[in-house]
Amino acid sequence: MSEKRLGTALQTVEWREGRLVLIDQNALPHRLTYITYTDWQDVVEAIRTMVVRGAPAIGCTAALGMALGAQYSPPFATSDAFLAHLERMAQAFRSARPTAVNLFWAVDRVLAVARAASDSVEHIRQAVLEEALRMLEEDLQINRRLGYHGAQLLPQHASVLTHCNAGALATVGYGTALGVVRAAVELGKTVEVYADETRPRLQGMKLTAWELAQDSIPVTIITDNMAAVLMREGKIDCVIVGADRIAANGDTANKIGTYGLAVLAHYHRVPFYVAAPVSTFDLRLPSGDLIPIEQRDPQEVTHIQGNRIAPEGVPVLNPAFDVTPAELIQAFITEIGVLQPPFDTLHERLIGASSHH
Ligand code: MRU
């Protein structure tokens, strides 16, 4: 590895002096500001309003949000009453956004340690905070491992197309799809990135382009409808995206527009990779048509910075995610390695690997 340590400057979610601190992603790229939270209900709202977004980041935020709620809860006479309070918090976090399975995984993990520590309220509080902090630390390590595995797939000079933001800002730090880019640069490869702007919320333009520029990684913003022509011109070596939920057969939910990119990549014979931690696989769902897709406010489509640009009275569709069929995916880049087809054995490979960790 070279001397470069990239992606270390940004920590999307952290615990500072007994408070939960988030980068305000709605203020980027104009201002890098942090919001400090003392009330867990405001953290639920932060996930809903996308102050924090990206599957691993919202999972870790929910875990730490529950720890925050546990630290500052009203007094409870019994651990059972305290556990019931934690269950209510968990339910509020689960209802914040429906698609990213990491949110549900994180909340369940916190509840499991709370139940195991149920001999006293104080013991539960401490166990919940320790578990949430462990999850933040693990996320960083997972992304570095995943990035290293993915970097092996890139040629010495690589041009990568990505969609939305699967970077440091979508995780605790370093990123998944952008973690692969960072790791390749750390290994001495030259990588240039094309960032789809990603309508309607523009995470690609506002967040991906911004965070890569912070690390001086060459990035060019394109509109979502330019990908086909760039592929035709041979300018893209591979597509790397993140994921919000991956079904047991490999069907993958990610930001709306990902499916279209996968179809284009298939036609142009450009490899299409999904970079995601094992926690993004939902092995209980046999296929992608069972993944719940979040529908968001039509105003995200009809308005730009508060100004209506669409005619009044015309219906609008605004699904936040789509599902890419497994057959369009060349490989999953995970912390346990690069998983190639056939994907009908994903279950065994993932369960086998996690039992060794
Ligand atoms: O609606 P968002 O911004 O939360 O959507 C984010 C994505 O679609 C990311 O690609 C996904 O969560 C993976 S992040 C490592």
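All of the points below concern the structure found in this document. (Residues numbered from 1 in each chain as written. Predicted model: local features only at pLDDT ≥ 70, side-chain atom pairs only at ≥ 80, totals over all residues. Heavy atoms only, no water.)

**Focus: the site of the ligand**
Alright, step 1. Taken together, 18 residues surround the ligand, and among them Arg53, Ala55, Arg97, Asn254 and Lys255 come closest.
Alright, step 2. For the ligand, an oxygen atom lies 2.8 Å from a polar atom in the side chain of Arg97.
Alright, step 3. One of the side-chain nitrogen or oxygen atoms of Asn254 is found 2.6 Å away from an oxygen atom of the ligand.
Alright, step 4. When isolated, the ligand has an accessible area of 420 Å², and the protein chains bury 99% of it.
Alright, step 5. In a pocket analysis with a 2 Å cut-off to the grid points, the ligand is assigned to the largest cavity. (Near = heavy atom within 4 Å. Polar contact = N/O pair within 3.5 Å; in protein donor to acceptor, adjacent residues only side chain to side chain. Areas by Shrake-Rupley, 256 points an atom, 1.4 Å probe, with all protein chains shown as cover. 1 Å grid on protein atoms, 1.4 Å probe; cavity = no way out; pocket = protein on both sides within 12 Å on 5 of 7 lines; lining within 4 Å. Sits in = over half its atoms within 2 Å of the grid points.)

**Re the sheet that holds strand β14 (residues 321-324)**
Alright, step 1. The strand order β11-β8-β9-β14 describes an open sheet built from 4 strands, whose pairing is mixed. The open sheet has two edge strands with one neighbour each: β11 (281-282) and β14.
Alright, step 2. Bridge count between strand β8 (residues 245-247) and strand β9 (residues 252-255): 2 bridges; the pairing is antiparallel. Its bridge partner being in β9, Ile246 is matched across the sheet by Thr252.
Alright, step 3. Together, β9 and β14 form the strand contacts of helix α9 (residues 258-267), whose direction differs from that of β14 by roughly 35°. (Pairing = 2+ DSSP bridges. Helix = DSSP H or I, 4+ residues; strand = E, 2+ residues; numbered from the N terminus. Contact = heavy atoms within 4.5 Å. Axes fitted to C-alpha atoms, helices over the stretch in contact; angles between N-to-C directions.)

**Description of the packing of helix α2 (residues 55-71) against helix α5 (residues 121-151)**
Alright, step 1. Orientation of α2 relative to α5, taken along the N-to-C sense of each, is 160°, at an axis distance of 9 Å. Considering the angle they form, α2 stands roughly antiparallel to α5. α5 is crossed by α2, and the crossing has left-handed handedness. In this structure, α2 uses Pro56, Cys60, Ala63, Leu64, Met66, Ala67, Ala70 and Gln71 to contact α5, whose residues at the interface are Arg125, Val128, Leu129, Ala132, Leu133, Met135, Leu136 and Asp139.
Alright, step 2. When grouped by side-chain class, the residues that make up the contact of α2 with α5 number 13 nonpolar, 1 polar and 2 charged. (Parallel < 35°, antiparallel > 145°, perpendicular 65-115°, else oblique. Left-handed = near helix turned anticlockwise from the far one by under 90°. Nonpolar A, V, L, I, M, F, W, Y, C, P; charged D, E, K, R; others polar.)

**Notes on the environment of Ala275**
Alright, step 1. For Ala275, the position within the fold is in strand β10 (residues 272-275).
Alright, step 2. Relative accessible area serves as the criterion here: at 0%, Ala275 is assigned to the buried category.
Alright, step 3. Between the alpha carbons of Ala275 and Ile240 there is a distance of 6.8 Å; along the sequence they are 35 residues apart.
Alright, step 4. The contact partners of Ala275, leaving out residues within four places of it in the chain, are Leu146, Thr176, Ala177, Val180, Ile240, Val241, Gly242, Ala243 and Ile333. (Buried < 20%, exposed > 50% of the residue type's maximum accessible area, 1.4 Å probe, protein only.)

**Notes on helix α3 (residues 79-94)**
Alright, step 1. The terminal C-alpha atoms of α3, which comprises 16 residues, lie 22 Å apart, in line with the 22 Å expected from a rise of 1.5 Å per residue.
Alright, step 2. The elements touched by buried residues of α3 are α1 (40-48), α2, α4 (101-116) and α5. (Expected span 1.5 Å × (residues − 1).)

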